[in-house]
Amino acid sequence: MDLHRCKHKTPRAQGSLMLAPLLLWSATAAPLFNWNTVPLYWYSTNPAGAFSPATAAYAATFPVVIPNGNHMRMTAPNNSAEEGKLVTAARQIKALNSSVSVYFYLNTMMDWYQYDLHPWIAAHHPEWWVVNIFNRTVCLDSQPLFNLSLPEMRAKWLDVAATALATRVFDGVFADRANPLPTGGCKGHQPGPGQLAPNGVYDWTSGTCVSPPPTEAANLFKYSPTAYAAWTDGHADMLAALQQQAGPSKVVVANNNASTGIANGRQFERWCHTDFDKATIEDDIAALQRAGRDGVIALVHAGEPCTAAALSLGLAAYLIGAGANSYFACSDGWTVTAGWEPEDRWAEYDYPLGEPTGPALRRLRTTVKGGGERVWWFNTNATSQAGAGQRT
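Remember, it's a predicted structure, so these values are computed and weren't measured experimentally. (Residues numbered from 1 in each chain as written. Predicted model: local features only at pLDDT ≥ 70, side-chain atom pairs only at ≥ 80, totals over all residues. Heavy atoms only, no water.)

Hey, could you run me through the state of the cysteines in this one?
Here, the word disulfide means a covalent bond between the sulfur atoms of two cysteines. If you walk through the whole model with that rule in mind, you get two disulfides. Across the disulfide, cysteine 306 is cross-linked to cysteine 330 (sulfur-sulfur distance 1.9 Å). The sign of the S-S torsion, about 115 degrees, decides the handedness of the disulfide formed by cysteine 306 and cysteine 330: right-handed. With a gap of 24 residues between them, cysteine 306 in the loop between strand E12 (297-303) and helix H7 (308-321) and cysteine 330 in strand E13 (residues 326-331) connect regions that are remote in the sequence. With respect to class, cysteine 306 is no different from cysteine 330; both count as buried. Numbered by position along the chain, the disulfide-linked cysteines of the protein chain connect as 1-2, 3-4. (Disulfide = S-S within 2.5 Å. Helix = DSSP H or I, 4+ residues; strand = E, 2+ residues; numbered from the N terminus. Buried < 20%, exposed > 50% of the residue type's maximum accessible area, 1.4 Å probe, protein only.)

Here's what the structure looks like:
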């Protein structure tokens, strides 16, 4: 099997606080998993309303389900009370299949407007948002950012997660944006997927994010070295505290961060996409293999868009690196209409697979005519369509 050069986001673990491995894992935390076919997970949202019965029934067939933090955003109460709406979604899925692992979505960086946390901070502690070197509150994708260098901010965030877990309908927390604080100008160096709204600064009169002064745009996400380091350490400390608070029977998925020794789960959000960390697909296959060896739950998302070519490359790379408790998805985006409905299911997902005979090993690198390279792997986890369940 050959694999063209390809890159995607895998920010390295950050911060100083690490938990003992003994605290990170319990078999009761693991979602259902088998190698009969491609292990899959489901992560989506319907901002306009509850999941339809058909969509919910389909989602409930997956071992891992994550309703995104935009779910039911436009239903009453409009653009608020998101925490409760996610509880409603989790109960909808659990009522159909109690064995599904459902994770509570909470962004670790962006203070999303639709969460009750946002108006509370705005009213009581707006100084808990990140400011840049111009002392302006910055906005990423039109959302202010949590200043995680402050213990009080971290404690409040952790309280939101604890309240969600106390409902006993969630099997863990999906900690989004577990990657570094953005740096650079107004249009550059974004740490997440393609943004839908502009970056800028918070306007205290309107309570919204607006464009920065033109003279400051090039350094919108610039901070003092001390402030940046303090935020980075605080971010890692908060993730570690979340895992410790949740306990080994719950999963904490650190999105876009290996978080070795900090959390017992991670997601590769844009598998096989060029991104800011410049890690090659070989690096990321190795990271996925390490996750399998360490018992870390790994979610691998390819696509955006999920064309036939993107599926072929993403699934091949996943099968090379996947270990136990590694799950795959491919979609055009994150709403239910972007690849998460039954009619969007790829036939390849249901080909017979079988347990890997051993880890894949890189054996050969060749040059492609016209530039580029092919990397050849052997003893991989890939399925042969001609011979069901065999390895290639």
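Which parts of the structure should I look at to understand the sheet that holds strand E5 (residues 138-140)?
Across a sheet, strands are paired by hydrogen bonds formed along the backbone, either parallel or antiparallel in direction. One open sheet accounts for four strands, arranged E6-E5-E8-E9; its pairing is antiparallel. Sheet topology places strand E6 (143-144) and strand E9 (208-210) at the edges, where each strand pairs with a single neighbour. (Pairing = 2+ DSSP bridges.)

Is there a simple way to think about the packing of aromatic side chains in this case?
Working definition: an aromatic ring pair is given by the centre-to-centre distance plus the angle between the planes. Under the defined criterion, the tally for this structure stands at 20 aromatic pairs. Aromatic pair tyrosine 43 and phenylalanine 174: ring centres 5.0 Å apart, planes at 80 degrees, arrangement edge-to-face. Of this pair, tyrosine 43 sits in strand E2 (residues 42-44) while phenylalanine 174 is found in strand E7 (residues 172-176), placing the two residues 131 residues apart along the sequence. You'll find tyrosine 43 and phenylalanine 174 in the same group, each marked buried. (Phe/Tyr/Trp six-rings, centres within 6.5 Å; stacked < 30°, edge-to-face > 60°.)

Explain the environment of alanine 230 here, please?
With respect to the helices and strands, the residue alanine 230 is situated in helix H5 (residues 225-246). On the accessibility criterion, alanine 230 (32% relative accessible area) is partly exposed. C-alpha of alanine 230 to C-alpha of asparagine 147: the two residues are 83 residues apart in sequence and 9.3 Å apart in space.

Looking at this structure, how should I read the environment of tryptophan 340?
Position of tryptophan 340 among the secondary structure elements: in the loop between E13 and strand E14 (361-367). The buried category is assigned to tryptophan 340, whose relative accessible area is 3%. It is 8.8 Å that separates the C-alpha atoms of tryptophan 340 and tyrosine 58, two residues lying 282 residues apart in sequence. Once residues lying within four places of it in the same chain are set aside, the contact partners of tryptophan 340 are Tyr41, Trp42, Tyr43, Ser44, Tyr58, His301, Ala329, Ser331, Gly333, Trp334 and Thr335. (Contact = heavy atoms within 4.5 Å.)

What am I meant to see in the sheet that holds strand E3 (residues 64-67) here?
Spatially, the eight strands line up as an open sheet ordered E2-E3-E4-E7-E10-E11-E12-E13, and their pairing is parallel. Taken across any chain shown, the strands that pair with only one partner, and hence form the sheet edges, are E2 and E13. Within this sheet the neighbouring strands show an average axis-to-axis angle of 20 degrees, counted without direction. Note: E12 against E13, six bridges, orientation parallel. Bridge pairing links glycine 303 to serine 331 in E13. Running at roughly 165 degrees to strand E4 (residues 101-107), helix H2 (residues 82-96) makes contact with E3 and E4 of the sheet. The strands that helix H4 (residues 151-166) touches are E4 and E7; relative to E4, the one it contacts most, it runs at about 160 degrees. (Axes fitted to C-alpha atoms, helices over the stretch in contact; angles between N-to-C directions.)

Before we go on, may I ask you to explain H5 in this structure?
Along an α-helix, residues three or four positions apart point the same way, because every turn accommodates 3.6 residues. Between its terminal C-alpha atoms H5 stretches 32 Å, which fits the 32 Å expected from 22 residues at 1.5 Å a residue. When H5 is considered as a whole, its buried residues turn out to be Trp231, Thr232, Gly234, His235, Ala236, Met238, Leu239, Ala240, Leu242, Gln243 and Ala246. The secondary structure elements touched by the buried residues of H5 are H4, E7 and strand E10 (251-255). Of the residues one or two after H5, glycine 247 is the one with positive phi, at around 90 degrees. (Expected span 1.5 Å × (residues − 1).)

Even after reading the chapter, I still don't get unusual backbone geometry, so can you show me in this structure?
Excluding glycine, residues mostly have negative phi values, and the peptide bonds linking residues are mostly trans. In this chain, alanine 76 is followed by proline 77 through a cis amide linkage whose omega measures -5 degrees. Relative to the assigned elements, proline 77 resides in the loop between E3 and H2. Note that the residue after glutamate 304, namely proline 305, is joined by a cis bond; omega there is 5 degrees. With respect to the helices, strands and loops of the structure, proline 305 is situated in the loop between E12 and H7. Unlike most non-glycine residues, aspartate 141 shows phi in positive territory, near 55 degrees.

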